[in-house]
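Read off the chains here:
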Amino acid sequence: MLDINLLRRELDQVVARLQTRKNPQPFLDVAAFTALESERKTLQSHTESLQAQRNALSKQIGQLKAQGQDAQPVMDEVTRLKTELDDSATRLEALQAQMQGLLLSVPNLPQDSVPVGSDEHGNVELRRWSPQGTDPQPLGFEPKDHVDLGLPLGLDFETGALLSGARFTVMKGGIARLHRALAAFMLDVQTTEHGYTECYVPYVVNAETLQGTGQLPKFEEDLFAAKKGGQEGEVTDASQALYLIPTSEVPLTNFVRGKVLAESELPLKLTAHTPCFRSEAGSHGRDTRGMIRQHQFDKVELVKFTKPEDSYAEHESLVADAESILQSLGLHYRIVLLCAGDMGFSAAKCYDIEVWSPGMDRYLEVSSCSNFEAFQARRAQIRFRNKETGKPELVHTLNGSGLAVPRVLAALLENNLEADGRVRIPAALVPYFGKEFLTFA
């Protein structure tokens, strides 16, 4: 959530920066905010005047009593002022709640280094990596996409559709083992080499948790809701609604919701491997073949809490932590800086890591590494105590995938395909998979 004091000081500049994001999109109802803010200022000024009057009269009561005079008329006026002050406080609380409601649907401000652009065409490629130091080398035969080559290896979209519907996948045999091996490898690298603490988290969270990271209230249609309460399982109180997690970023970030961390605890680095559940509302027809855009997929997530002055250095480190997985697997990839119009709702700056898919002849995003600055921390009230001032300050939060398992699996199948149909397992992954090749069942 944006700092309301920034809006009060620099409303026009904030609106101009917000308009560099994806359009058309409702960012801030400026007229409503201005009207609420005007009433708040008037009410606050009036409240201060009432308090001054009450304080003066309270002193007068003591003086009158000391002089043996009748203080009742003044006491009656103090009682009237108290009633008016209580009414003002109630209205002020309502105004602040309305302004909070407005701000919950306003995205983060793009950081100054973020390029201006309306969509993915405005993104900037920063660098590429390949085991050969160049672009990916030809396979020497006609490449296949992961759907065609995965079917005889145990990928089963038909059973997934039978069990749950479109865009669900079943894996059997060796390919299921390879999927598990990838997740275990990713976790081990992040915990043993990069200092993240492995966590196990709930796959179902409440509305307050999703509000803390920015999924609610704006993106409820993208979530899978779990019903709770009522005679027939219907939710009777919106605050009691439960949702399947769209990413483990949500529970991990909320581990410290409402807490004040010691400065010595920062940077705090957490990771978890979970399934992710997304309804993908509005994405029909986009990348829906195979495992690329599923309603359920596994991901290893990386989350950081940092001091504000360290967050951009930690952002670069987060990207390096994620891309180290692809380097260990020998997969060609590139790093892309997203433009303002292509960034997620909560991000101030975001890098995408995209792996090469020879079967699709293009790059596939396997990680988005975002710095949210204080946007999530303000919503979830995550702070640290500055040891120099002794005062609590908002942390900066960051997160990135380390990585999306099915897309890495798809890239591994396509890039390591042998002419005889087997898939070569990267050396770093052999201890986890147990064999050097994935072969037909």
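Placed above this text is the structure.
Summary of the structure given here. Counting starts from 1 at the beginning of each chain's written sequence and moves along it residue by residue. The model is predicted, so local features are restricted to residues of pLDDT at least 70 and side-chain atom pairs to those at 80 or more, both for listing and for counting; the totals for chains, interfaces and linings are taken over all residues. Computation of side-chain values covers all heavy atoms of the structure but excludes hydrogens and water.

**Concerning the pattern of salt bridges**
By definition here, a salt bridge exists when the distance from a side-chain nitrogen of Lys or Arg to a carboxyl oxygen of Asp or Glu is within 4 Å. Applying the stated criterion across every chain, the model contains 19 salt bridges. Notably, a salt bridge pairs Arg8 with Glu37, separated by 3.1 Å at the nearest N-O pair. Note that Arg8 is positioned in helix 1 (residues 4–18) and Glu37 in helix 2 (residues 30–66), a separation of 29 residues in sequence. Each residue is assigned to one of three classes by its accessible area relative to the maximum for its type, calculated with a 1.4 Å probe on protein chains only: buried under 20%, partly exposed between the two thresholds, exposed over 50%. Using a relative accessible area of 31% as the deciding quantity, one classes Arg8 as partly exposed. Overlapping salt bridges bring together Glu125, Arg128, Asp135, Arg334 and Glu354 as one network. Only DSSP runs of H or I with at least four residues qualify as helices, and only runs of E with at least two residues qualify as strands; both kinds are numbered from the N terminus onward.

**Quick notes on the packing of aromatic side chains**
Pairing of aromatic rings covers Phe, Tyr and the six-membered ring of Trp, with a centre-to-centre limit of 6.5 Å; geometry is then stacked below 30 degrees between planes, edge-to-face above 60, and tilted otherwise. Evaluation of the coordinates by the stated rule reveals 6 aromatic pairs. Judged by centre distance (5.6 Å) and plane angle (75°), the rings of Phe185 and Tyr432 are edge-to-face. Of this pair, Phe185 sits in helix 6 (residues 174–192) while Tyr432 is found in helix 12 (residues 430–433), placing the two residues 247 residues apart along the sequence. Residue classification places Tyr432 among the partly exposed positions, given a relative accessible area of 29%. Here the aromatic rings of Phe219 and Phe345 are separated by 5.3 Å at their centres, their planes lie at 80°, and the arrangement is edge-to-face.

**Thoughts on the sheet that holds strand 6 (residues 225–226)**
Here, any two strands with at least 2 DSSP bridges between them count as paired. What the 3 strands build is an open sheet, ordered 5-7-6; its pairing is antiparallel. The strands lining the two open edges of the sheet, one partner per strand, are strand 5 (204–206) and strand 6. As paired elements, strand 6 and strand 7 (residues 242–244) share 2 bridges and run antiparallel to each other. Note on strand 7: the bridge partner recorded for Ala226 is Leu242.

**Describing the sheet that holds strand 14 (residues 383–385)**
Note on sheets: strands pair through backbone hydrogen bonds, and any given pair is parallel or antiparallel. Pairing within the open sheet is mixed, and its 3 strands lie in the order 8-14-15. Bordering the open sheet on either side are strand 8 (260–262) and strand 15 (392–394), each of which pairs with just one other strand. Sheet twist, expressed as the mean angle between neighbouring strand axes with direction ignored, is 40°. Examined bridge by bridge, strand 14 and strand 15 share 3 bridges and lie antiparallel to one another. The partner of Arg383 across the bridge, within strand 15, is Leu394. In this analysis, axes come from line fits to C-alpha atoms, helices being fitted only over the stretch in contact, and the angle between any two N-to-C directions falls in the range 0 to 180 degrees.

**Digging into the side chain of His295**
Residue position: His295 is located in the loop between strand 9 (268–277) and strand 10 (296–306). By relative accessible area, His295 is classed as buried at 12%. Here a residue-residue contact requires only that any non-hydrogen atoms of the pair lie within 4.5 Å. If we ignore the near neighbours within four places in the chain, the residues touching His295 are Ala166, Arg167, Phe168, Phe224, Cys276, Phe277, Arg278, Ser279 and Glu280.

**Topic: the side chain of Asp156**
Secondary-structure assignment places Asp156 in strand 2 (residues 155–156). Here Asp156 falls in the buried class, since its relative accessible area comes to 11%. Under the rule applied, a polar contact is a pair of N or O atoms within 3.5 Å (in protein, one hydrogen donor and one hydrogen acceptor; residues adjacent in sequence only if both atoms are side-chain atoms). At 3.2 Å, the side chain of Asp156 and the backbone nitrogen of Glu158 are in polar contact. Other than its neighbours up to four places away in sequence, Asp156 contacts Thr169, Val170 and Lys172.

**A word on the state of the cysteines**
Our working definition of a disulfide is a cysteine sulfur pair at a distance within 2.5 Å. Per the counting criterion, the structure on display carries 0 disulfides. Residue Cys276 stays outside any disulfide, its sulfur separated by 14 Å from that of Cys369, the closest cysteine. For Cys276, a relative accessible area of 1% gives the class buried.

**Some words on the packing of helix 6 against helix 9 (residues 311–329)**
Orientation of helix 6 relative to helix 9, taken along the N-to-C sense of each, is 125°, at an axis distance of 10 Å. In terms of orientation, helix 6 lies oblique with respect to helix 9. Between helix 6 and helix 9 the crossing geometry is right-handed. Listed contacts from helix 9 to Leu182, Phe185, Met186, Val189 and Gln190 of helix 6 are Asp321, Ala322, Ser324, Ile325, Ser328 and Leu329. Note that Gly is not counted as nonpolar here; it falls among the polar residues with everything else outside the nonpolar set of Ala, Val, Leu, Ile, Met, Phe, Trp, Tyr, Cys and Pro and the charged set of Asp, Glu, Lys and Arg. Of the residues contributing to the contact of helix 6 with helix 9, the split by class is 7 nonpolar, 3 polar and 1 charged. Any angle between 65 and 115 degrees counts as roughly perpendicular, while under 35 counts as roughly parallel, over 145 as roughly antiparallel, and the rest as oblique. Put simply, a crossing is left-handed when the front helix is turned counterclockwise from the back one by less than a right angle, and right-handed when it is turned clockwise.

**Considering the environment of Leu6**
The residue Leu6 is located in helix 1 in this model. Using a relative accessible area of 19% as the deciding quantity, one classes Leu6 as buried. If we ignore the near neighbours within four places in the chain, the residues touching Leu6 are Leu11, Val14 and Leu109.

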